[in-house]
There are 2 protein chains.
Amino acid sequence: MQEEFASTLLESAVTELSRLPGVGRKTALRLALHLLRRDESEGVALGEAIINLRKNIRYCSVCHNISETEVCPICGSEHRDHHTVCVVESVNDVMSIERTRQFAGVYHVLGGVISPMDGIGPDNLEIDSLVERVSAGDVKEVILALGATMEGDTTNFYIFRKLAPFGEVKITQLARGVAVGNDLEYTDEITLGRSLLQRTLFTDSFGS
Amino acid sequence: MQEEFASTLLESAVTELSRLPGVGRKTALRLALHLLRRDESEGVALGEAIINLRKNIRYCSVCHNISETEVCPICGSEHRDHHTVCVVESVNDVMSIERTRQFAGVYHVLGGVISPMDGIGPDNLEIDSLVERVSAGDVKEVILALGATMEGDTTNFYIFRKLAPFGEVKITQLARGVAVGNDLEYTDEITLGRSLLQRTLFTDSFGS
């Protein structure tokens, strides 16, 4: 739908806003008109925050998580277990796992998963730097914590093969099974089948 | 929910994005991480478009619609009927009415409706400038095209009283009734009652 905008400024703001995921031209127009109704300072602050984010963001040189400093607080902490590296797809996943408060190791952010359909191969991801970290010899366990998708599985397998030469390193992956709070009725067959095959001792599920 | 962000840049981008209507902190984080995954130029273009929109936008000196020029293309057009002024709440409403292609007159954008709850009184709106336009003598009809809400009705009534001294000017409002495509079953009683009282001759509804 081509709208007739009264102003090219409005037009270009709507075009840029509608590039955001989940934002169509109608929503983009609503957002732009909202900004026009609010104080000028609010719109300028939003614009500047986005530009600053995009221009000045830095990544940890060890784990590639977002960081203010050369090495991020997690990689720099004495209280974390630096022998256990959890491999995740994105910065978002680091936050999700941190929120569980169940993990005291460190991370490695791949920056995506292998997805030939989207033109993302191993060279576009931080896989070589992971191999380098492991080859340095300090890592005892690598936890593959990618999504349970075809792309996630492919990436898991690729990393597994890359790390195979380092025989002494344990490679684990997140448990797959019935999600907490889900009825069996609504659990898909593959998940249910896997969680039967990989059943755990009853006491195990309470960590004892 | 207070998140632990790895970067104050990310934190402030999320805070600013979450001020947008319909955007919570979770969506704001998703948008910010999306911008980080895309090219730097895309994020910068978005930020600059927002700043430009907010800093450089101009409004038509006659109708207060958004405009690139001192007088907007609608107010400046020879093909529009300058004797008929349609009063609307916002820029958005001008676009909605233009899309119907049923109106050849000109507009007057109030910039809101009277809403004491939100601290918006007549002085915050472009009502005085409307009275001035009408008092200049060229206007023959004022169409009140505000929303069918309590605030819209209040504003309609306020404007009606302000324009009453100019007895020769016809004041009309949008027809209220059953929306096209709506079943009676789903039409509220007040609308249905009004549309009965204000029923039109059958041929009328086809504009003949």
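Being a predicted model, the structure only gives us computed values, none of them experimental.

Draft legend 1. Layout of the relation of the copies chain A and chain B. Placing chain A over chain B gives an RMSD of 0.1 Å and needs a rotation angle of 180 degrees, together with 0.0 Å of translation along the axis. Interpreted geometrically, this transformation is the action of a two-fold axis. Residues of chain A ranked by C-alpha distance from the rotation axis are headed by A:Gly47, positioned 1.9 Å from it. By residue overlap, the copies meet face to face through one surface: 100% of the interface positions of chain A are interface positions in chain B.

Draft legend 2. Representation of the sheet that holds strand β5 (residues 141-144) of chain A in the model. Residue and element names in this part refer to chain A. The 4 strands lie next to each other as β4-β3-β5-β6, forming an open sheet whose pairing is parallel. Both edges of this open sheet fall to β4 (105-109) and β6 (170-173), since each of them pairs with a single strand only. Across the sheet, the axes of successive neighbouring strands diverge by a mean angle of 25 degrees, strand direction being ignored. Direction of pairing for strand β3 (residues 81-88) relative to β5: parallel, over a ladder of 4 bridges.

Draft legend 3. Fine view of the state of the cysteines. Residues and elements named next belong to chain A. For the coordinates displayed, the defined rule picks out 0 disulfides over all chains. The thiol of Cys75 is not disulfide-bonded; the next cysteine sulfur, from Cys63, is found 3.6 Å away. The buried category is assigned to Cys75, whose relative accessible area is 12%.

Draft legend 4. Spotlight on the sheet that holds strand β3 (residues 81-88) of chain B. Residues and elements named next belong to chain B. Here we have 4 strands laid out as an open sheet, ordered β4-β3-β5-β6, and parallel in their pairing. Looking at strand neighbours, the two that pair on one side only are β4 (105-109) and β6 (170-173), the edges of this open sheet. Ignoring which end each strand starts from, the neighbouring axes of this sheet average 25 degrees apart. Note: strand β5 (residues 141-144) against β6, 4 bridges, orientation parallel.

Draft legend 5. Representation of the pattern of salt bridges. Residues and elements named next belong to chain A. According to the stated counting rule, one finds 10 salt bridges over all chains in the structure shown. Taking the shortest distance from any N to any O, the salt bridge between Arg38 and Glu42 comes out at 3.6 Å. Take Arg38: its relative accessible area is 39%, and that puts it in the partly exposed class. Judged by relative accessible area, which is 17%, Glu42 ranks as buried.

Draft legend 6. Local environment of helix α1 (residues 8-17) of chain A. Among the residues of α1(A), A:Leu9, A:Leu10, A:Ala13, A:Val14, A:Glu16 and A:Leu17 are the ones counted as buried. The arc enclosing the buried residues of α1(A), seen along the axis, measures out at 165 degrees, which places them on a common side. Check the buried side of α1(A) and you find it contacts α2 (25-37) of chain A together with α3 (40-56), β2 (66-67) and α5 (91-100) of chain B. Where α1(A) begins, the side chain of A:Ser7 points an oxygen toward the backbone nitrogen of A:Leu9, at a separation of 3.1 Å.

Cut-offs and rules
- Residues numbered from 1 in each chain as written.
- Chains lettered and ligands numbered in written order.
- Predicted model: local features only at pLDDT ≥ 70, side-chain atom pairs only at ≥ 80, totals over all residues.
- Heavy atoms only, no water.
- Least-squares fit on C-alpha atoms with pLDDT ≥ 70 in both.
- Contact = heavy atoms within 4.5 Å.
- Pairing = 2+ DSSP bridges.
- Helix = DSSP H or I, 4+ residues; strand = E, 2+ residues; numbered from the N terminus.
- Axes fitted to C-alpha atoms, helices over the stretch in contact; angles between N-to-C directions.
- Disulfide = S-S within 2.5 Å.
- Buried < 20%, exposed > 50% of the residue type's maximum accessible area, 1.4 Å probe, protein only.
- Salt bridge = Lys/Arg side-chain N within 4 Å of Asp/Glu carboxyl O.
- Arc of directions from axis to C-beta.
- Polar contact = N/O pair within 3.5 Å; in protein donor to acceptor, adjacent residues only side chain to side chain.

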